[in-house]
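Structure assessment
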Amino acid sequence: MKTRKLLRKLPLFLLTLPVLFFIYFPILWLFSASLSNQVDLFALPMHWIPLHPTLKNYLDIIFPSLASNSVPRTFAVALLNSLKIASAVTIISLVIGSMAAYALARIPFKYSRGILLGIIATRMIPEVSLILPLFIIASSLQLINKPIILIVTYMSFALPFAIWMMVAFFQTVPVELEDAARIDGCSRLGILFRVVIPISVPGLVSTAMFIFLLAWDEFFYALIFTSTLASKTAPVALSEFVGRYAININGMMAGGILAALPPVILALAFQRYIVKGMTSGAVKG
Amino acid sequence: MTANSQNLPRKQLSLRQQDRRTAWLLVLPALAVILGVTLWPIIYTFILSFFQAPTGINQVRTFVGLGNYLEMVKDPTFWETIGRTMYFTVASVGVEMILGMAVALLIHSHPWGWKFLRFSLIIPWAMPTIVNGAMWRWIYSADFGALNGLLSQLGLIKHYIPWLSLPNLAMPLVILADVWHMMPFVALILQAALATLPVELDEAAAVDGANAFQRFLKITLPLLRPAILVALIARTVDAFRVFDIVYVLTNGGPANKTLTITFLTYLNSFPWGKQGIGASLSFLISIFTISMALLFIRFLYRPEENQ
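Residues numbered from 1 in each chain as written. Chains lettered and ligands numbered in written order. Predicted model: local features only at pLDDT ≥ 70, side-chain atom pairs only at ≥ 80, totals over all residues.

1. Some points on the overall build of chain A
Where we set the bar: The way it works is that DSSP assigns letters per residue, a run of H or I at least four long becomes a helix, a run of E at least two long becomes a strand, and they are numbered from the N terminus. As a reference, a globule follows 2.2 Å times the number of residues to the power 0.38, and the radius of gyration itself is taken over C-alpha atoms. Exposure classification rests on a simple neighbour count of other C-beta atoms within 10 Å of a residue's own: a residue reaching 20 or more is buried, one at 12 or fewer is exposed, and one in between is partly exposed. C-beta atoms are placed from the backbone. C-beta atoms are placed from the backbone for every residue, and two residues are taken to be in contact when these atoms lie within 7 Å.
For chain A, the count of helices and strands is 14 helices and 0 strands. In chain A, the succession of helices and strands from N to C terminus is α-α-α-α-α-α-α-α-α-α-α-α-α-α. Taken over the C-alpha trace, chain A has a radius of gyration of 24 Å; the compact-globule value for 285 residues is 19 Å, which it surpasses by more than 25%. By principal-axis analysis of the C-alpha atoms, chain A measures approximately 75 × 75 × 35 Å. A total of 285 residues make up chain A; the buried ones form 50% of that total. Restricting the contact set of chain A to residue pairs at least 6 apart, pairs at least 24 apart contribute 76%.

This is the structure in structure tokens:
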């Protein structure tokens, strides 16, 4: 019996190995490169494990004043910009989105279904096809290179997304709870803030996580709207260094790892919410 | 609601009116924002698509009617780009669905370490697209790349290969990078759906002598249909608008071999400064994605009785 079980389990286990290799090979190589110095990285034949492992690439970014070239300095600023913008987008879209989502999920009124479907449909429109008017308006208002323009334009995907997910969560709140509060003389807004929001905290948390990931990941608006060192986000800073060989590649790899850490840690920490969010239509891409 | 509302018509009515007012109050900020950042730009783009002008503010615009659209469809690059976008979409989504299903089934059969495997899938998915692109660009690097290093150490290649400069390999390599990023998304969705399926049917079929493949085809696959549709449509909508990874990996090259429709739109709108053509392309993309979105919504928000 034991050997039979082993015979069944072993091939399955062996099948997981190529999948794990496929997932981890790129990550480990990225990590290894981020710990190398420039000479080792360009040495042939290549080394999978750095000969002289160093944390210098990371330290340069975390303590930019000590760094000798401009790559780590740019990254430090860019990471901070990303953090500020993604946080602002998360909070604003969560507040405006939850309000709208509650009305759309729970209060019957004319056009509510049409509005909901319309909002969901706008989420699929690529940023590329909205950019020309947004660029013209942003230029004439002199908002290029200002964080506010990214926060506002990111609403085009963050807000429909927040509404979409929060509608799904609010629909699971038992109507009886609301009715009871209503009989006790609570107004609609009172119900929303005292009854519905407190029991929807898990929904709010997972929606916040997804929006943060989306905003952190965003590239196209940031590419068009930012051109100065002080205003770039992490993806834009990274994309600009990718094409240049001579520049400090291992520094870039460390920057890439640091840019990947916040979303990866968030996603792993909220693992159990992710699949639920995905199936309710939360598509990050 | 029924009996009481007839006894108390006035109070019920005023409560409903109050409700309606609250509802609009709650929805209004969101509607205003969406109007400003999405609907208005679509309309403005539509207007811009009838004019010829360099990209920017205060430029002289010449009305050209359908001229931009005509120029667009006469350009063979446009049609090649559409074909290439289809190629990317079908190939990347196809591979992601098949591999994702295989990995989901593997996790579902609970081999040793299946929880670790499921945990690991989250990492590529959560990785920012640009980091993913930068990572693969250096893996494919002609001079120091890990792919060349790996293949030459295994003795499979003698000389390093400039992967991304090979016209016929560039697109498959972009697709590989996308598969690494997004296959986990499909696998996680399907694995979660598999975990909710009733085991009784499968067991009964096994007792009746159906082999594993027959059971998968006749029982598991039909039951998974909703989850497969969600993953399939979500991935298709997303793959169609691919931009970031192309930008970092190949910039549309070599020889336009990875130029997709959103990339062509970007090139016209900004680096080439052809605002009119960019607007025409943008408007077409908006119309196309909204139609796809409506399809998506039909599947996701089907009335209960159809499920």
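2. Remarks on the overall build of chain B
Of the regular secondary structure elements, chain B holds 13 helices and 2 strands. For 307 residues, the compact-globule estimate of 2.2 N^0.38 gives 19 Å, and the C-alpha radius of gyration of chain B, at 26 Å, exceeds that figure by more than 25%. Dimensions of chain B, computed from the C-alpha atoms along their principal axes, are close to 90 × 75 × 30 Å. The burial tally for chain B puts 41% of its 307 residues in the buried class. Taking as baseline every contact in chain B between residues at least 6 positions apart, the subset at least 24 positions apart corresponds to 69%.

3. A word on helix H5 (residues 114-126) of chain B
Convention followed: Expected helix span is taken as 1.5 Å per residue step, with the number of steps being one fewer than the number of residues.
An ideal rise of 1.5 Å per residue puts 18 Å on 13 residues; H5(B) measures up with 19 Å between its terminal C-alpha atoms. All of the buried residues in H5(B) are B:Leu117, B:Leu121, B:Ile122, B:Pro124, B:Trp125 and B:Ala126.

4. Remarks on the interface of chain A and chain B
Spelled out, the test is: Ten residue types, Ala, Val, Leu, Ile, Met, Phe, Trp, Tyr, Cys and Pro, are classed as nonpolar, four, Asp, Glu, Lys and Arg, as charged, and the remainder, Gly among them, as polar.
Counting residues at the interface gives 80 residues for chain A and 82 residues for chain B. Here the side of chain A that touches chain B gets 14 residues from one element, more than from any other, and that element is helix H1 (residues 2-34) of chain A. Grouping the constituent residues of the side of chain A that touches chain B by class yields 63 nonpolar, 14 polar and 3 charged.

5. What about the nonpolar core?
One recurring pattern in soluble globular proteins is that nonpolar side chains are buried together. Just so we agree on the cut-off: To define a nonpolar core, we join buried Ala, Val, Leu, Ile, Met, Phe, Trp, Tyr and Cys residues through C-beta atoms within 7 Å and take the resulting set. Each domain's limits were defined by an automated method or a database of domain assignments.
A:Ala100, A:Ala158, A:Ile163, A:Ile211, A:Ala215, B:Ile189 and B:Leu190 are the most contacted members of the largest nonpolar core, which totals 170 residues. Two domains each donate at least three residues to this core, and these are domain 1 (2-48) and domain 2 (67-306) of chain B. Discounting residues that sit within four places of it in the chain, A:Ala158 has contacts with A:Val89, A:Ser93, A:Ile211, A:Leu214 and A:Ala215.

6. Examining helix H5 (residues 112-122) of chain A
Helical geometry note: an α-helix holds 3.6 residues per turn, so side chains three or four residues apart project in the same direction. All names here are of chain A. We count it as follows: As used here, the arc belongs to the directions running from the helix axis to the C-beta atoms.
The set of residues buried in H5 consists of Ile115, Leu116, Ile119, Ile120 and Thr122. Each buried residue of H5 sits inside an arc of 160° when the element is viewed along its axis, so together they form one side. In H5, the exposed positions that point more than 90 degrees away from the buried face belong to Arg113 and Gly114.

7. Details of the domain arrangement of chain B
All names here are of chain B. Each assigned domain of chain B is listed with its residue range as follows: domain 1 (2-48) and domain 2 (67-306). Domain 1 and domain 2 are separated by 38 Å when their C-alpha centres are compared. Every contact between the two is made by 4 residues of domain 1 and, on the other side, 6 residues of domain 2. Grouping the constituent residues of the side of domain 1 that touches domain 2 by class yields 3 nonpolar, 1 polar and no charged.

8. Here we look at the confidence of the model for chain A
Here is the rule: pLDDT expresses how confident the predictor is about each individual residue, on a scale running from 0 to 100.
Scored by pLDDT, chain A has a mean of 87; 93% of the residues are at 70 or more. Of all the helices and strands in chain A, helix H2 (residues 38-41) of chain A carries the lowest mean pLDDT, 74, while helix H11 (residues 220-225) of chain A carries the highest, 96.

9. Side note on the environment of A:Asn57
Residue and element names in this part refer to chain A. Positionally, asparagine 57 belongs in helix H3 (residues 56-62). A sequence separation of 196 residues divides asparagine 57 from methionine 253, and the C-alpha atoms of the two residues are 8.4 Å apart. Those residues in contact with asparagine 57 that lie beyond four places of it in its chain are Ser34, Asn250, Gly251, Met253 and Ala254.

10. Description of the packing of helix H4 (residues 70-106) of chain A against helix H13 (residues 249-269) of chain A
Residue and element names in this part refer to chain A. Rule in force here: Lines fitted to the C-alpha atoms define the axes, with helices restricted to the stretch that makes contact. Angles between their N-to-C directions range from 0 to 180 degrees. Should an angle lie under 35 degrees it is considered roughly parallel, over 145 roughly antiparallel, and from 65 to 115 roughly perpendicular; all remaining angles are considered oblique.
At a minimum axis separation of 10 Å, H4 and H13 run at an interaxial angle of 10°. By the angle between their axes, H4 is roughly parallel relative to H13. The segment H4 lies against H13, with Val71, Pro72, Phe75 and Leu79 engaging Gly251, Met252, Gly255, Leu258 and Ala259. Split by residue class, the contact of H4 with H13 holds 7 nonpolar, 2 polar and no charged.

11. Some words on the confidence of the model for chain B
Interpretation of the predicted coordinates at a detailed level should be avoided for regions scoring low in pLDDT. All names here are of chain B. This prediction gives chain B a mean pLDDT of 88; 93% of its residues lie at or above 70. Confidence drops under a pLDDT of 50 for residues 1-6, and excluding neighbours within four residues, the segment shows 1 contact in the predicted structure. Here the predicted complex carries an ipTM of 0.91, next to a pTM of 0.90.

12. Some details on unusual backbone geometry
Negative phi is the rule for most residues except glycine; trans is the rule for most peptide bonds. A cis amide bond links B:Gly253 with the next residue in sequence, B:Pro254, at an omega value of -10°. Checked against the element boundaries, B:Pro254 lands in the loop between helix H11 (244-249) and helix H12 (261-269). Non-glycine residue A:Tyr111 carries a positive phi angle of around 70°. Within the element layout of this structure, A:Tyr111 appears in the loop between H4 and H5. Of the residues examined, A:Tyr111 has 11 C-beta atoms within 10 Å and is grouped as exposed. Positive phi, close to 55°, is recorded for A:Gln142, a residue that is not glycine. Its location among the elements puts A:Gln142 in the loop between helix H6 (131-140) and helix H7 (147-170). Residue A:Gln142 is classed as exposed on the basis of its C-beta count, with 9 C-beta atoms lying within 10 Å.

13. Comments concerning the environment of B:Val64
Residues and elements named next belong to chain B. Relative to the elements of secondary structure, valine 64 occurs in the loop between strand S2 (62-63) and helix H3 (67-74). Its 16 C-beta neighbours within 10 Å are what place valine 64 among the partly exposed residues. Expressed as a C-alpha distance, the spacing of valine 64 and arginine 16, which sit 48 residues apart in the sequence, is 51 Å. For valine 64, the residues in contact, after removing those within four places along its chain, are Phe50, Phe51, Gln52 and Gly276.

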